[in-house]
Structures are given as C-alpha cells and as structure tokens.
Amino acid sequence: MNRTHSRARGLVAALLIVAALAGVPVLLVALGAKPWTIDLADLRLRLLSPDDGSVALIIIGATAWIAWAVMAFCLLTEIVAAVRGVRAPRLRGLGAGQHLASQLVASAAVLFAVAQPLSLTLAAAPAHADNITEVQTTPPAASLAEPIAEATPPPALPAKSAPATDSYTTRAHDSLWKIAEAHLGDGTRFTEIVDLNPDLFPDGPGFLTAGTVLQLPASEATTAVDPEDSPYVVEPGDTLWDIADEKLGDPTRYDEIFEASDDIIQPDGHTLTDPDLIYPGWELEIPDDAPRVDETPQETTPRDSTPNPPPQTAPTVPPESTPAPPPPDVESPANTAVEEQSSDLDENSATPTWLLPGLTGAGTVLAGSLFLVLRAHRRTQLRYRSPGEVIEPPPQELVAVEKTARLSAGTVLRLQDLDRLLRHLADGLELTRQPQPHLQHIELADRCVTLHLAGPAAPPPGWGGTDDAWTFELDQPLPDPESPAPWPLLCTIGATDDGYPVLANLEELGTITLTGDQEAATALARSMTAELTLSPWGILTDIDTVGVATELADLDPVRLHHHEPDDVGFLDRLSAELATRGDNEPEMFHAVIASDVDAAEPLIRVIADSTGRLGATVVTSSNSPVTDSVSFHLTGDSRLHIQDLGLHLTSAGLTADEAAATAAIVAVTRDAAPVPTPVHDAQEPAWRAATDRSGNLVTAYADAPPSVQEVVHTADDIADTAPEPETVDETSGPSHQKSSVALDPTLDHDVAAWFDADSRVPKLHLLGPVRATAHGNPAAVARRKPHYVELLTYLALHPEGVSSQQVAEAFSMSKDRVRIDIGVVRKWLGENPRTSRPYLPPAAQSRAAGEAGVWTYQVDDVLVDADLFRRLRARGQSRGDDGQQDFDTALRLVQGPPFADLRETGWSWLLDADSRDDEILACSIVDVAHDVVTAALRREDVDRAAQAVETATVASPYDEIARVDRAAVLVAQGHEDAAREFLAAAVHNRSDDSLGPLEVSIRTSVELSQGTKRPKD
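Residues numbered from 1 in each chain as written. Predicted model: local features only at pLDDT ≥ 70, side-chain atom pairs only at ≥ 80, totals over all residues. Heavy atoms only, no water.

**Q** Explanation requested: unusual backbone geometry in the structure shown.
**A** Only a minority of non-glycine residues have a phi that is not negative, and only a minority of peptide bonds are not trans. Positive phi values are uncommon outside glycine, yet phenylalanine 899 reaches one of about 60 degrees. Secondary-structure assignment places phenylalanine 899 in the loop between helix H33 (884–892) and helix H34 (917–938). A residue is classified by how much of its surface remains accessible, and phenylalanine 899, at 6% relative accessible area, is buried. (Helix = DSSP H or I, 4+ residues; strand = E, 2+ residues; numbered from the N terminus. Buried < 20%, exposed > 50% of the residue type's maximum accessible area, 1.4 Å probe, protein only.)

Below is the structure:
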C-alpha cells in the first residue's frame, strides 16, 4: 500500500480544513462581505430603491457567512468527536455538511495516526492501562507455542509466511489505535492490523465501520487472555441487573459489577457513574464469582406488614429523559421457579417453547379433536359445580398439551365442518339410493374438501371435481345432521407440502404395514391411535393396540384397549366374529394397531378375503412390505411415502412423552371434581385480601369485615380461611356498612367512571368480548391493537406485578421485545392525572419498586370490569340484604361470556394453572346471578330473577346452576310445563359428549325438589 499517498491525502485534507476555518473568513472580509456593518435603516432604503446590485451583494455575503458558519460547526464537531474517539451526532438538515466534514477530518486523522502523535498515546486512561499491563505480563500459553516450534524448527519463518491470527468484530466507536492498544498492548502496533487486512485498508489506515471483521496478530496479549477474565461488552437491552443474574447467578450483585467497573474509561470517553445508565459497547469488569459476604451488619428498620426496604446500593430511578435502556426487572422470591425455567425461551424465535410438535402441522386434526374432548370435560365439570366452586385446572406440567390444542382451535371449525359435510353426504346418497363411494383419502384444505376415491363415481349435486376426486367448498356453515358418521375409521396420516392434513380411510385400505424407519413408524402408530380414539366421527370405533402406544392406555377406558405382546387371544375372537358377519352393515368398527405382523395374521387374512364391508382395519409394523397390505414407508426425516396412493407427505407422529401427556390431560379432566375458588396472589388493595378471585368474601371477612388497617393478612392467612363450597350468607344484615366502605372506599367513584362515557380513564372490558379504551396515543397500537390489549390484560390480571422475564415466557417473545411492547402500551394508555406519571410506569418506578424494592411492571388506576365485578360482589355480600343493588350493578357489567372473541394465536397464558380467570369469572357471574334469583323469587320479583338468569346463561350456558335457576324462573312465571320440558332436555337427558346422559348431581336434585313448584302467596 502507498503510505506516501495516504500522508499526502491527509496533508491536503488538513490544509483544506485550515483554509475552511481560517481562510474563508479572511477572504470574505477582504472582499468586503461584512453584513454586520450594514445599517438597518440604510438596508430598508436600498430595498425600496431601484436595484443597483448592492442588495444582491449583501445577500450573497450573508449567505456565504452562514454557509461558512455551518461548515465550521460541522468541522469542529467532527474534530472534537475524532479526538474523543466517538461518533459525532447527526443533526437533521446538516447531513451534506457533516458528511463532507467527516471525510475531511477522516483523511486528516489518517495523517496523524500514521505519524503516531504523542497526544493519542496519552489519551488512554490510567485505569484502563492498568488492566492492559496485567495482561501483558502474563506469559504465553505453552500449548500454543510448542506446536509451532515442533512443526518448523526455525520459528521466525512460519510466523512470516502464515502468522497466527484472531478474528475480531468491530463495535461502534472502535479505531485501529484502540484495538491495537486493547488487544496487542500497544496502540502503535495498529500498523500490524493494517498489514493483516490489506483488502480493508488499500490506501492505508482509515476509520472503521461497526461490524467489520478484522484479523489480529495472535500476540502474547491475545493468546494469554482467559475468556473468563476479559471484560463484558454491553449489548443492546442489557442492564446491570440482568448481567449480574447471567454472570454471577444473583441479580442483586449488580452493585459489585458497578463498583468494579466505575473507573474504566469507556470507548466513548465516559465512565460508569449511574447503575441505571449503561450503553451498548461499554466494557464492564465482572468480579470473582464468589458469594458476597457482608463484613459489617446493616441496620434495617422493620416496617409493619411490608417487606424490608431495599439496600442503599439499589439502583436509583433514572429520569424519564435519560437515554438509557429500559430499567431492569427485579424478580421477587416467589418468581424463582419461573426464572429457573427461563432457559426454555427461545430469544430469537416466536415459537412457544411449550408447543408440542406432534399436535401441530400434520397433527392439527388430532389437536382439534383433543380440544373438543377437553371442552366436553369442562362442561361436564360445570354440571357438578356448587356455588363458590370453580373448575379444577390440570396440573401445570400438563398445561402445554392444552395450550397446543388451543393453538389449533382454528382447526376445530374445519373439523366440525368436515364431520357435518360427510354426514350430509351420506344422507343425500341414501335419499337418492346411491351407494357410498369407496373413499381412499381426504385432503382438508382451508375452505375446500377433496375426497379421493378408489373407483370412479359421478359427483353428487352440490359437489364439484372429477369422477375420481370430489370437491366441496366450505363457504357456509352446515346444520347438524342426525345420521352417524359414514367413515368412522378416517385418520390423519400426514400433511401435504402446503401443510394440508391428509386423512386416510383405514377401512378402505384394510391392512396397512408401516415400513422403513421404525421410530417414525411407532410415532405414526401413536398418532393414529390417539386420533381414532378422540375424533368426533370415531365414536363407533373400538381400538385395540398390541405392544404399541402403551402411553395412551388411559386415553379412553371404554373404547381403547391396550394389550401386551403375548395377549393376542382377542384377535382370534375378533377374526371369527368378522368372518361370520356376511353382508350386514357393521354396528361397531374395529381398528387393531399391532407391533407384530405375525400375531395379526388371522385378522389380516379375514380382511383380505372379505368381499363385503367388515368395518375393520389392521395396522402393523414390519421391516418389509406384507402381501395384501398397503405399505406406508417412513424415512428418518419424518416423510411418508405411499406408492399405492401416490402420496408423499410429512408424516404425522407423536413422541412417547407427547402421547403420555395427551392421555394424562384427558384422564385428569375426565375425572376432575370442582374445587373451591383460589385466593388472590396480591393482598393490596384491601378488598383483594378480603376476597377470593371470584369476589366472594372469605369466611373471616364475611363474619366481620375489617377496616383497611386490619387488612394485613398474608396469602397463607387467606388460604387458611378459604370459603366452603357454598357462598357466604348474603343476609348477614346491614351492621357492616361502615366496614364495607372502609374496605373499598373508591368503589362508587370507579363504578361511576366506568359507566361514564366521557370518562378518560383507561377501561379494560373482560366480561364479554375483550376490548380496551385509552386516551393516550392511539397511533401506538394502530393495526396491532388485539396484541396490545392482550398484553394490557396480562398486566391488569397480575396486580402484584410481573417481570419482563414473566411476560417473555407468557407471550413467547424475547425480553427486548417485551420492553418495546411495554413502551407501546405505556404510550397508548397515556398519563395518569392522579399521579402525573404514566398509567404503566417503568419497572423501577412501579408501586412494588417504591414499597418493597421489587422492580416489576404494574398498571395503576386502569378500570377493569372484572375487578369492579368482584368488588361489587364483595361489598354486596358485606351489606347483607342491602347489597342486592350491588349485585344488580355487577351483572350490568356482563356483556357476554368472559374473555370472548380472543385472537386465535394468543392468550395461551390464560390456561396456566395459576390463571384461568375466564373460568373463574364465568362461575362467579353464575353465582351472583343465583343469589339474585334466590332473593328476587323470595320477594316475587320475577322480572329481576329472569334478567339475572339471562345474564348467567349468556356468561356460562353450560353451568347447571344457571339451568336450574332458569327452570325455577319458568315455574315462577307460571310455565311449569315449559320448565319440565326444559329440565328434561337440558338437565336430565343432558350429555356433553356422544354417550348417554350422566346422573343428576345431589345438589341439582335438592334444588329441583324445592324450585319446581311455584311459590304460594
């Protein structure tokens, strides 16, 4: 490279800078351009006189001075930035001038960099130099030096021909001098870096762009550095709290990093002075990873009923205008378990870590079937619920299965449409006396169903396609037919490359052999077993598994039977039964899935020899194809090839763990019993400590509602006083009026604000279709409002506060994304006039941060209809007979089923075991309506009772308490026959699945004996 040329270019740039700063003013003065000497009165006279060119000269001179001032400002700014080693700020409107100035200064700086001035050498900070000196004195590692000596005896020659190098990626504000000083121990060695990177510096040393990869000499300084001893480089989104948590295992040790790093001169020339203010590219010293020991005891001042105050070294709240990263999030001890699971979160992907792959893609039909089964179990639990109880949630370890099934809830509609369509097709064919076609497989697209047939047949009316493939557009809902499913042995076997499920008619295929990769074959066998058991059209199917899918044994104790490999006697009995069936239509269908093809040989022969419809299939595994069977060949990359059908698919499949979890959650929800309503996690404000999560007063408070000062109970205290299944007595009398007001002094004000259309307080509607209104910056949530409404809901339902890690796990996104979204919601909500701060303050300014030193995200003063409902219920209970008006107001808040109209791909956190607010609130609405119905019928206010029943039915149509109340209202209205008909259909003969009706609960029997007679005058 031509260093003489670099010096010449730098010299020219330096001369141009001097000329621009000093020469231009001298030239302008010499030319007489002195606009400051012009008298304003004389200027006005010249403007009004005929133009003789003098005004133009004045304007040109003024313009030249302005241009010089701008250029001088740009040059001086770039020079100062270059000396300090930082990037000059870019100012709007000065882009061209700053770009030219930066080019001139860069060229001039190259001249001075090559000359190695003493000023640059002295620019290094003493503290930083001390660290480099220590690295220099470390001897080189023998393991790196010895191989070089052994390979080539003359050590100098290899060093020149193939020098050892290390890669280094430049960061913002890096320079060759700084890199050489930090990594080679001497800034003057920057020329070695230039020599190793000729393609990057063809004209000599120059300025660097962030992200450039340099090759550095593998000197003693670099080879002797222990990665654990190198400084930590701050990345965007970092906080001292998070760094201490990652590097030291204890976020509260952030102050040790602060103390160890406050004397380091950072790349931009600053030092660490505020633990809340760190910038990307800064370097931090991580202290020894030893537990901190307090040498001197610290005095603390106990405070009643509140946690101890934070230590004096806790980070201070940064001002709103500080351009610092968002404040760190401090975890409370209760969140330790959540933190330990944080490693499951993929920071770079929006894919939830709880997602079960076997229930997605080719498994969406299975996931939809599972969703329908779990929903039916939930409805059955509502049949046996008493007031004060809620549906028991499944264990948290099984929640991932339900979340994945809910994520596929969009498939449920297609699943139900397909079921109805096939039943309608069977009805139509029977009416026109046409035989059912020999269906081989179905491709289920978004709104189109394609039936692929084994033999040609003309499409019936309303269907399109060809004689071999019938198509139907699902562009409108179909009514529920009464006929049974025509092909009960339909089962998903895979998905097309477009992601559309393909369902095979196993009855038509008869015998199927799974060949190829046996792990994939076993996974497919599990998936087929689960779907045949759970699908809505498989109710007439008995499934027997032999030596396979043992994890699914508890999935259905009635229709699914698991057999050990030596238990094959049932196959002989089934073969004999099918052989004597003749031409009769099957009453039950049979699917046998076995790991041993030899054991199923008798049944295979019966199916192969049959000429009629047996309604049976056999699926076996084998290393090679079997005679008279359709071969499903699977590969290790989960591909399924069926040459007989011309299909090449992504195979369906369940792992052993996925199958076990699927069976477990079905069994748990099938056998679950209602449980008492859980209590609040947060104990502030006072009304939360006095109620459970449905708003029902706990027993202690129902007996004697306390004042605000008395509400200091912990969560364990409340748990000890959990309510009995029945709600507390609503007729305790009005003696507690004063206490109920003290328990919730702002309730009336908040209720008035809720129903005031002109109120500018943010409002969150959960008792019906979920929506929110706010009066901050509406543009912040434009076209993305459903997501931000969900985030606001999550924050509102966790009044104790949540950390960014908790939000990240709930929404399956990175913590950086969490901070961005929190900021958007903050702007949307606006400023709280009561506190003159945002409704959603920064974590460091939250109530928890001020009261207990716990930095979490909390919303303040946002009105939530669910909370108002709970508060009204609690106050109504405390007022006894005088509280009925509060109950009526609470029911006015209900606009539909709680948490209705949710976006399909969100709200998975609502299924967590400690959440379930949708189910809890639905039960609470029914319970309040039941109290109103009871009181109204006692006072013969039938209209009020009927209105309460309507609200309960809308909120929870399958809750048996509401159904019995409806019958009581019908009786009170004089419609006893209608009441009996309604009870017969909705209670006595009720079935939430395809099986027979369940027995009536004891509570319902008692209610019916008391409520089916019209009260007498």
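**Q** Is there a simple way to explain helix H36 (residues 960–972) in this structure?
**A** Quick reminder: α-helices carry 3.6 residues per turn. Residues three or four places apart thus point the same way. Taking 1.5 Å of rise per residue, 13 residues should cover 18 Å, and H36 covers 18 Å from first to last C-alpha, within 8% of that figure. Most of H36 is tucked away, with 12 of its 13 residues classed as buried. When we look at burial in H36, the residues that qualify are Glu960, Ile961, Ala962, Arg963, Val964, Asp965, Ala967, Ala968, Val969, Leu970, Val971 and Ala972. Between a side-chain oxygen at the N-terminus of H36 and the backbone nitrogen of isoleucine 961 the separation is 3.0 Å; the capping residue is aspartate 959. Looking one or two residues beyond H36, the residue adopting positive phi is glycine 974, at roughly 90 degrees. (Expected span 1.5 Å × (residues − 1). Polar contact = N/O pair within 3.5 Å; in protein donor to acceptor, adjacent residues only side chain to side chain.)

**Q** Looking at this model, I keep getting lost on the environment of arginine 189. Mind explaining?
**A** Mapped onto the secondary structure, arginine 189 falls in the loop between helix H9 (176–184) and helix H10 (190–196). Considering only alpha carbons, one finds arginine 189 and isoleucine 179, 10 residues apart in sequence, at a separation of 9.3 Å.

**Q** Teacher, can you tell me more about the pairing of strand E15 (residues 589–594) here?
**A** A large share of E15 lies buried, amounting to 6 of its 6 residues. Covered by surrounding structure in E15 are Phe589, Ala591 and Ile593 together with His590, Val592 and Ala594, the residues of both alternating faces. Sheet analysis places strand E13 (residues 541–546) next to E15, joined by 6 bridges and oriented parallel. Within E15, the residue paired with aspartate 542 across the bridge is histidine 590. (Pairing = 2+ DSSP bridges.)

**Q** Before we go on, may I ask you to explain the packing of aromatic side chains in this structure?
**A** Throughout the structure, instances matching the rule amount to 9 aromatic pairs. Residues tryptophan 463 and phenylalanine 472 carry aromatic rings whose centres are separated by 5.1 Å and whose planes lie at 50 degrees to one another, so their mutual orientation is tilted. The same class applies to tryptophan 463 and to phenylalanine 472, which are both buried. Each member of the aromatic cluster is reached from another via a ring pair, and the members are Tyr794, Phe811, Phe899, Trp907 and Trp909. In this structure, arginine 379 packs its charged tip against the face of tyrosine 958, placed 3.8 Å from the ring centre. In this structure, arginine 892 packs its charged tip against the face of phenylalanine 755, placed 4.1 Å from the ring centre. (Phe/Tyr/Trp six-rings, centres within 6.5 Å; stacked < 30°, edge-to-face > 60°. Lys NZ or Arg CZ within 6 Å of the ring centre and 35° of its normal.)

**Q** Can you walk me through the sheet that holds strand E22 (residues 771–773) in this structure?
**A** Within a sheet, each strand pairs with its neighbour through backbone hydrogen bonds, oriented either parallel or antiparallel. The 3 strands lie next to each other as E22-E21-E25, forming an open sheet whose pairing is mixed. The open sheet has two free edges, formed respectively by E22 and strand E25 (863–864), since each of these has just one partner strand. In this sheet, E25 lies alongside strand E21 (residues 763–765) in parallel orientation, the contact comprising 2 bridges. Residue pairing for E25: leucine 764 is matched across the bridge by valine 864.

**Q** Looking at this model, I keep getting lost on the nonpolar core. Mind explaining?
**A** A general feature of soluble globular proteins is that nonpolar side chains tend to end up buried together. In this structure, Trp828, Leu829, Phe869 and Phe899 are the most contacted members of the largest nonpolar core, which totals 76 residues. Of all hydrophobic cores here, the second largest spans 54 residues; its members include Leu370, Ala521, Ala591 and Ile665. (Core = buried A, V, L, I, M, F, W, Y, C linked by side-chain atoms within 4.5 Å.)

**Q** For this particular structure, what's the right way to read the environment of leucine 75?
**A** Inspection of the secondary structure assignment puts leucine 75 in helix H3 (residues 54–84). Classification of leucine 75 as buried rests on a relative accessible area of 0%.

**Q** What is the right way to read the packing of helix H35 (residues 942–955) against H36 from this model?
**A** Angle between the axes and distance between the axes: these two values describe a pair of packed helices. It is the contact of H35 with H36, at a shortest axis distance of 9 Å, that shows an interaxial angle of 155 degrees. Regarding the angle of H35 to H36, the classification is roughly antiparallel. For the pair H35 and H36, the crossing hand works out as left-handed. Contact residues: Val942, Ala945, Ala946, Val949, Glu950, Ala952 and Thr953 in H35; Ala962, Asp965, Arg966, Val969 and Ala972 in H36. Residue composition of the contact of H35 with H36, grouped by class: 8 nonpolar, 1 polar and 3 charged. (Axes fitted to C-alpha atoms, helices over the stretch in contact; angles between N-to-C directions. Parallel < 35°, antiparallel > 145°, perpendicular 65-115°, else oblique. Left-handed = near helix turned anticlockwise from the far one by under 90°. Contact = heavy atoms within 4.5 Å. Nonpolar A, V, L, I, M, F, W, Y, C, P; charged D, E, K, R; others polar.)

**Q** How should I be thinking about the pairing of strand E16 (residues 616–621) in this particular structure?
**A** Here E16 lies mainly inside the structure; 6 of its 6 residues are buried. Going residue by residue along E16, you find Ala616, Val618 and Thr620 tucked away on one face and Thr617, Val619 and Ser621 tucked away on the opposite face as well. In terms of strand pairing, E15 meets E16 through 5 bridges, oriented parallel. Following the sheet pairing, histidine 590 is matched in E16 by alanine 616. Between the parallel pair E15 and E16, the chain is carried across by helix H21 (residues 601–609), and the sense of this crossover is right-handed. (Right-handed = clockwise from strand over helix to strand, strands pointing away.)

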